[in-house]
Amino acid sequence: MAITSYPFDGQAVTETQFSQMFREFQDSGVVTSLGANGFAVNASAGMTLAVGSGLAFLRGHMVQSTATENVTIAAASAQVRVDRVVLRLDPATNSIVLAVKAGTAGSTTPPALTQTDTGIYEMALASVTVGASVTSITSGDITATRPFVGHRVGVWITATRPTAPRLGQLGFNNSTDAWEYWSGSAWAPLFSTVDWANLSGKPATFTPSAHSHTWSQISDRPSTMTPTAHTHDWAQVTGKPTSIAPTAHKHPWGDITGTPATYPPAGHAHSWSDISGKPSQFQPVDHWHNQYLDSGGTIHRANGSDRPHSYTATGSTWYAVWVDGNHNFCRNTSARRFKENIRDIDIDPDAVLSLRPRIYDRKPTVNDEGKTIEGRRDEFGLIAEEVDETLPEIVVRDETGQIDSVRYDLIGVALLSVVQDQAERIERLEQLVREMSR
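Residues numbered from 1 in each chain as written. Predicted model: local features only at pLDDT ≥ 70, side-chain atom pairs only at ≥ 80, totals over all residues. Heavy atoms only, no water.

**Re the sheet that holds strand β6 (residues 69–72)**
With respect to topology, three strands assemble into an open sheet ordered β2-β3-β6, the strand pairing being antiparallel. Strands with a single pairing partner mark the edges of an open sheet, and in this sheet they are β2 (41–43) and β6. Across this sheet, the average inter-strand angle for adjacent strands is 35°, counted without regard to direction. Sheet topology places β2 next to strand β3 (residues 48–51); three bridges connect them, and they run antiparallel. Bridge assignment links alanine 43 to a residue of β3, and that residue is leucine 49. (Pairing = 2+ DSSP bridges. Helix = DSSP H or I, 4+ residues; strand = E, 2+ residues; numbered from the N terminus. Axes fitted to C-alpha atoms, helices over the stretch in contact; angles between N-to-C directions.)

**With respect to the sheet that holds strand β7 (residues 81–90)**
Pairing within the open sheet is antiparallel, and its four strands lie in the order β8-β7-β9-β10. With one partner strand each, in any of the chains shown, β8 (95–101) and β10 (142–144) form the two edges of the open sheet. On average, each strand axis in the sheet is inclined to that of its neighbour by 20°, with strand direction left out of account. Note: strand β9 (residues 121–130) against β10, three bridges, orientation antiparallel. Within β10, the residue paired with serine 127 across the bridge is threonine 143.

**Focus on unusual backbone geometry**
Backbone torsion omega between tyrosine 6 and proline 7 reads -5°, so that peptide bond is classified as cis. A positive phi angle is found at aspartate 220, which is not glycine, with a value near 60°. Within the secondary structure layout, aspartate 220 lies in the loop between β14 (187–189) and α2 (301–304). Overall, the relative accessible area of 79% leaves aspartate 220 in the exposed class. Notably, asparagine 341 is not glycine yet its phi reads approximately 55°, a positive angle. Structurally, asparagine 341 is set in the loop between β16 (329–331) and α3 (349–353). Residue classification places asparagine 341 among the exposed positions, given a relative accessible area of 56%. (Buried < 20%, exposed > 50% of the residue type's maximum accessible area, 1.4 Å probe, protein only.)

**Re a nonpolar patch on the surface**
Among the surface-exposed residues, Val194, Trp196, Leu199 and Phe206 lie close enough to one another that they form a single nonpolar patch of about 440 Å² accessible area. You can see leucine 199 is positioned in the loop between β14 and α2. When its relative accessible area of 37% is taken as the criterion, leucine 199 is described as partly exposed. (Patch = residues over 30% accessible without salt bridge, like charges linked within 9 Å, V, L, I, M, F, W, Y side chains within 5 Å. Areas by Shrake-Rupley, 256 points an atom, 1.4 Å probe, with all protein chains shown as cover. Salt bridge = Lys/Arg side-chain N within 4 Å of Asp/Glu carboxyl O.)

**Describing the pattern of salt bridges**
Under the definition given, this model contains twelve salt bridges. Residue arginine 81 pairs with aspartate 83 through a salt bridge whose shortest N-O separation is 2.8 Å. With relative accessibility at 0%, the residue aspartate 83 sits in the buried group. Aspartate 409 serves as the salt-bridge partner of arginine 407, at 2.8 Å between the closest nitrogen and oxygen. Given a relative accessible area of 24%, arginine 407 falls into the partly exposed group. Overall, aspartate 409 belongs to the partly exposed group, its relative accessible area being 44%. It is possible to trace a salt-bridge network through shared partners that takes in Arg88, Lys101 and Glu122.

**Description of the side chain of serine 28**
You can see serine 28 is positioned in the loop between α1 (15–25) and β1 (29–30). If we ignore the near neighbours within four places in the chain, the residues touching serine 28 are Phe57, Leu58, Arg59, Tyr121, Met123, Pro147 and Val149. (Contact = heavy atoms within 4.5 Å.)

**With respect to the packing of aromatic side chains**
The final tally for this structure, using the stated rule, is five aromatic pairs. With a centroid separation of 6.1 Å and an interplanar angle of 15°, the aromatic rings of phenylalanine 18 and phenylalanine 22 are classed as stacked. With phenylalanine 18 and phenylalanine 22 both in helix α1 and four residues apart, this pair spans about one turn of that helix. On the accessibility criterion, phenylalanine 22 (33% relative accessible area) is partly exposed. Relative to tryptophan 179, the ring of phenylalanine 172 has its centre 5.5 Å away and its plane inclined at 65°; by these criteria the two rings are edge-to-face. Classification of phenylalanine 172 by relative accessible area gives buried; the value is 18%. An aromatic cluster of at least three residues, connected via ring pairs, comprises Trp156, Trp182 and Trp187. Taking NZ or CZ as reference, lysine 202 lies 5.6 Å from the ring centre of tryptophan 196, over its face. (Phe/Tyr/Trp six-rings, centres within 6.5 Å; stacked < 30°, edge-to-face > 60°. Lys NZ or Arg CZ within 6 Å of the ring centre and 35° of its normal.)

The quantities given are spatial measurements derived from coordinates; they are silent on function.
Structural data, given as structure tokens:
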């Protein structure tokens, strides 16, 4: 069995081999976002079309246009036809050029694309409807058909799906506004629609629960009804006055009848300022932060880091701290002398970029006095369960293994993989541009 490997120094590598290698990195398509101007086809004047500048891959080869180019549609015939504007790769001439493929008069089907493995390869940019005997093309006659490149995840319309997809290839179909994948024999929706007939284990009957019906849904209802004793919401009352006397007012205690002689105390709370006879300071008790109380009973966490502008800390060195599961403060060290088994970690840049910033409200909590404290509103950050799906390395779990929080201090470290990946991509593209300009 013959084995071929390439490219290596001192080795002749063919154009076909390079094409086969690069098309594994990227599908054919325009290098831009969906809806951007790269190689977009627009009406110009008469039968002339303007094709925007852009960058594109065709079967492992790259083409770049730095200015708007014009192409001309052949004169219209007495019958309607549909032409195609294409990028045409021709290895025999070492070129990729813009071209117009004329359709068949009397047919609304655009001409077929030539897409060989080693010879001519055409990629459609737009379909152009040429009306009978027209002398100009309008924007309404042009249908964009550009495919767009992605990280092996394509964006296309139904007419420009990959012609030789691999099992499991994923893409977004802009015609159906849905994600789809290649099952090996057909394009299937990524999320299937389930109807009642396909459900297994469903009950044969349902016990009716509390619900409501509109009056029109009730059968055999009487045509008239004798009113009985009932009530109405204020909003349902018609003809009511805009204001009612008396308005807000008060009564002295003596005017209230049936008042009790005494009141047994019920569960309640007082603010600190309402308490009389309270001590001026507190001696620390035996609990987790007693060593951080100053003489006035104030917590000065982490050597005064919560108020360094007003608290004179001893020493000249400041540390970041962690809190362990037993509520102890610990120094956050990072020097090599504190570590062993040091090794590299590969963090997927896409996993970092998939993190979703959220805005949310904190749930209410109850303090030691039994008082409910409302949580902060419109706080933004990350949801630990969502982070765990793509970047579990920065998720913190409690002693029971339940997801608890996110190591926000490690997000900056994880972002290094994104920056490094972008730097490598830029370097490769710059090298490719330099090679193309030679």
